[in-house]
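# Analysis of the macromolecular model
In case you want the letters, here they are:
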Amino acid sequence: MRKKIVAGNWKMNNTIDEGLQLTSEIASMVVDEVANDAIVVLAPPYIHLTKVKQLIGTTKNMYLSAQNCNEQASGAYTGEISVPMLVSVGAEYVILGHSERREYFNENNKQLAAKVDACLANGLTPIFCCGESLETREGGDFIAFVCQQIKESLFHLSKEDFSKIVIAYEPIWAIGTGMTASSDQAQEMHAALRGYIAEQYGNDIADNTSILYGGSCKPDNAAELFACSDVDGGLIGGASLKSRDFVDIVKSF
Ligand code: 13P
């Protein structure tokens, strides 16, 4: 059975005090209110990781993620953070290839393949983001475009390694715009990705790969999106900054 996951990508938001307040609120609501078996992942900025981890503690089903990593293990890369460093502060996941990283920091599929390898070599689970721009969607070849992202960054992996990957489909036109993909649009892409993974790795692995949806996912649309047979949860931006909204999304399965 593939895992249901809701991950909160805080992006470049929250001071340390704000981030710890948000974490405490989420952790206590998760304990008090969440009855399903969803995995909750918080992805704060790097400098918050250690303290957020302390607050999460051993809260059932709560995990810590970074928003990025460098593919090198160590060395003269001023300002960068390596995978062993993330592991050393207790991170379990890392978001890779977010469209904002691709757009503003020129990350490409080949570099992301190296980041994926670094994570897997150190036991960190990549949440690998993919997704098309509005222009690509309107051009009609959006499924092929997103499949190509997966192929170039992930299909070099062995079956064993691929089975550790979480995928997040985030159409760029839906991120932060309030214009969410319809459940039909999300299901269409998720089913296509699962089919493409099945062609490469077989049905067993494809069936067990969690594919999350991201892009203006909110409490009022999460249930409809999560009800799609190939949508296994969400990668949440704006709504992950409000504890009530985020936990309501977690409760939407
Ligand atoms: P929003 O939920 O703010 O649209 O952001 C989605 C996202 O980019 C999560 O990684």
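Quick summary incoming for the structure in this document.

Definitions and limits used
- Residues numbered from 1 in each chain as written.
- Predicted model: local features only at pLDDT ≥ 70, side-chain atom pairs only at ≥ 80, totals over all residues.
- Heavy atoms only, no water.
- Buried < 20%, exposed > 50% of the residue type's maximum accessible area, 1.4 Å probe, protein only.
- Helix = DSSP H or I, 4+ residues; strand = E, 2+ residues; numbered from the N terminus.
- Pairing = 2+ DSSP bridges.
- Right-handed = clockwise from strand over helix to strand, strands pointing away.
- Expected span 1.5 Å × (residues − 1).
- Phe/Tyr/Trp six-rings, centres within 6.5 Å; stacked < 30°, edge-to-face > 60°.
- Lys NZ or Arg CZ within 6 Å of the ring centre and 35° of its normal.

Moving on: the pairing of strand S8 (residues 233–236). Going residue by residue along S8, you find Gly233 and Leu235 tucked away on one face and Gly234 and Ile236 tucked away on the opposite face as well. Bridge count between strand S7 (residues 211–214) and S8: two bridges; the pairing is parallel. Paired with Tyr213 across the two strands is Gly234, which belongs to S8. Considered for its hand, the β-α-β crossover made up of S7, helix H11 (residues 219–226) and S8 is right-handed.

The periodicity of an α-helix, 3.6 residues per turn, causes residues three or four positions apart to be oriented the same way. Between the first and last C-alpha of helix H9 (residues 183–201) there are 26 Å, a value that for 19 residues agrees with the 27 Å anticipated at 1.5 Å per step. Looking at H9, one finds that the buried residues are Ser183, Ala186, Gln187, Met189, His190, Leu193, Arg194, Tyr196, Ile197, Ala198 and Tyr201. Phi turns positive, to about 95°, at Gly202, one or two residues after H9.

Scanning all chains against the criterion turns up seven aromatic pairs. Where Phe162 meets Tyr201, the ring centres are 4.4 Å apart and the plane angle is 20°; that geometry is what we call stacked. Taken together, the residues Phe162 in helix H8 (residues 159–162) and Tyr201 in helix H9 connect sequence positions 39 residues apart. Here Phe162 and Tyr201 have matching classes, each one buried. Ring plane angle 20° and centroid distance 4.6 Å describe the contact between Phe226 and Phe253, whose orientation is recorded as stacked. One end of the pair, Phe226, is in helix H11; the other, Phe253, is in the segment after helix H12 (243–250), and 27 residues separate them in sequence. Overall, the relative accessible area of 7% leaves Phe226 in the buried class. Taken together, the ring pairs connect Phe155, Phe162, Tyr196 and Tyr201 into an aromatic cluster. Over the ring of Phe142 we find Arg137; its NZ or CZ atom is 3.9 Å from the centre of that ring.

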